[in-house]
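Architecture at a glance
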Amino acid sequence: MMKKYKSLLFLVILSLTFGSILGLIHISTEKQIAINEHFELQKSLLYAINIQTEELSKEEVYETFNIYLKEERLRGIRYYTYIDNNLLLGYCFPFSGQGLWGKVSGYIAVDASGEEIIGLVFTENEETPGLGARIDDLWFKEQFRGLDISSNSNYVSFDISNESGLSTISGATLTVDSIKETLNKTIDELKLILKEDFDETSN
């Protein structure tokens, strides 16, 4: 009987030990995942404001991010101000919409006047590889740089018959249309925030 209890006690101790080890591994893994996600976000935001990070180490990315970008909150929205030598150059605002298969989200960077796109980046998309997922291709994102959004509507257009028309992705019409609607809606909201909140702050 004593031998049976000892065996049972050993199994309990063994289970608790392995459970504790697995718990510590899980906590450690979660922490590392969070660190990696934050690092990728920093790189994405730097890309949006046209600062390339391919040749930078993690430490350099962190330092560069803290030089140029500052996290802010307004109306429950987390956004970033883009500053260089104490001069406000622009803002990075999040956008999110529904693609063909799922959520498409990212950040759009505009100049301080809200009249020109500095850049944009996609941080999440569930579109079809080789088709809709090509919104993350460099050529597609780069064409937004310097795009004039000073008009009152239809800022982003993939109609190649007009001057501001952007190149679309063959075979991904629904995804591209969704991106257009999401970005135009985001820019409308962004302009309203710049007018109602930031203008009051600067006065």
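Structural notes, computed from the coordinates.

1. Looking at the pattern of salt bridges
Applying the stated rule across the entire model yields five salt bridges. Among the salt bridges present, the one from Lys 141 reaches Asp 136, with a minimum N-O distance of 3.3 Å.

2. Quick look at the pairing of strand β1 (residues 69–74)
Sheet analysis places β1 next to strand β2 (residues 77–84), joined by six bridges and oriented antiparallel. The partner of Leu 69 across the bridge, within β2, is Tyr 82. Between β1 and β2, which pair antiparallel in sequence order, lie two residues; one of them, Arg 75, sits at a positive phi of approximately 55°.

3. Observations concerning helix α2 (residues 58–68)
Since one α-helical turn is 3.6 residues long, residues separated by three or four positions face the same way. The complete set of buried residues in α2 reads Val 61, Thr 64 and Phe 65. All buried residues of α2 fall inside an arc of 100° around its axis, so they share one side. Opposite the packed face of α2, turned more than 90 degrees from it, sit the exposed residues Glu 59 and Ile 67.

4. Here's the deal with the environment of Ser 170
Structurally, Ser 170 can be placed in the loop between α3 (138–142) and α4 (173–202). Exposure remark for Ser 170: the relative accessible area of 62% places this residue in the exposed category. Considered as a pair, Ser 170 and Leu 131 are 39 residues apart in the sequence and their alpha carbons are 7.5 Å apart.

5. Re the pairing of β2
As judged from the five bridges shared by β2 and strand β3 (residues 87–98), these two strands associate in the antiparallel manner. Bridging from a neighbouring strand, Tyr 82 pairs with Gly 90 of β3. In this structure, the hairpin formed by β2 and β3 is closed by a connection of two residues, where Asn 85 is found at a positive phi of approximately 55°.

6. So, the nonpolar core
Core analysis: the largest hydrophobic core is formed by 30 residues, its most contacted members being Phe 93, Ile 108, Phe 122, Phe 144, Val 156, Leu 183 and Phe 198. Mapped by element, the contributors of at least two residues to this core are β3, β4 (103–111), β5 (117–125) and α4. The element contributing the most residues to this core is α4, with eight residues. Those residues in contact with Leu 183 that lie beyond four places of it in its chain are Phe 95, Ile 108, Leu 120, Phe 144 and Val 156.

7. Description of the sheet that holds β4
Strand order in the open sheet formed by five strands is β1-β2-β3-β4-β5, and the pairing between neighbours is antiparallel. Two strands close off the open sheet at either side, each with one partner strand: β1 and β5. Neighbour-to-neighbour, the strand axes of the sheet open up by a mean angle of 25°, direction not taken into account. Packing of α2 onto the sheet brings it into contact with β1 and β2, and relative to β2 it is tilted by some 90°.

8. Section: unusual backbone geometry
The backbone phi angle of Asn 85 is positive, close to 55°, even though this residue is not glycine. Within the secondary structure, Asn 85 is located in the loop between β2 and β3. When its relative accessible area of 71% is taken as the criterion, Asn 85 is described as exposed. Phi angles above zero are rare outside glycine, and Asn 86 is one such case at about 65°. Tracing the chain through its elements places Asn 86 in the loop between β2 and β3.

9. A word on the side chain of Thr 53
Relative to the assigned elements, Thr 53 resides in the loop between α1 (2–48) and α2. When sequence neighbours within four positions are dropped, the list of residues in contact with Thr 53 reads Lys 43, Leu 46 and Val 61.

10. A closer look at the side chain of Asn 184
Along the chain, Asn 184 turns up in helix α4. In this structure the side chain of Asn 184 is engaged in a polar contact, spanning 3.1 Å, whose partner is the backbone nitrogen of Tyr 155.

The rules we used
Residues numbered from 1 in each chain as written. Predicted model: local features only at pLDDT ≥ 70, side-chain atom pairs only at ≥ 80, totals over all residues. Heavy atoms only, no water. Salt bridge = Lys/Arg side-chain N within 4 Å of Asp/Glu carboxyl O. Pairing = 2+ DSSP bridges. Helix = DSSP H or I, 4+ residues; strand = E, 2+ residues; numbered from the N terminus. Buried < 20%, exposed > 50% of the residue type's maximum accessible area, 1.4 Å probe, protein only. Arc of directions from axis to C-beta. Core = buried A, V, L, I, M, F, W, Y, C linked by side-chain atoms within 4.5 Å. Contact = heavy atoms within 4.5 Å. Axes fitted to C-alpha atoms, helices over the stretch in contact; angles between N-to-C directions. Polar contact = N/O pair within 3.5 Å; in protein donor to acceptor, adjacent residues only side chain to side chain.

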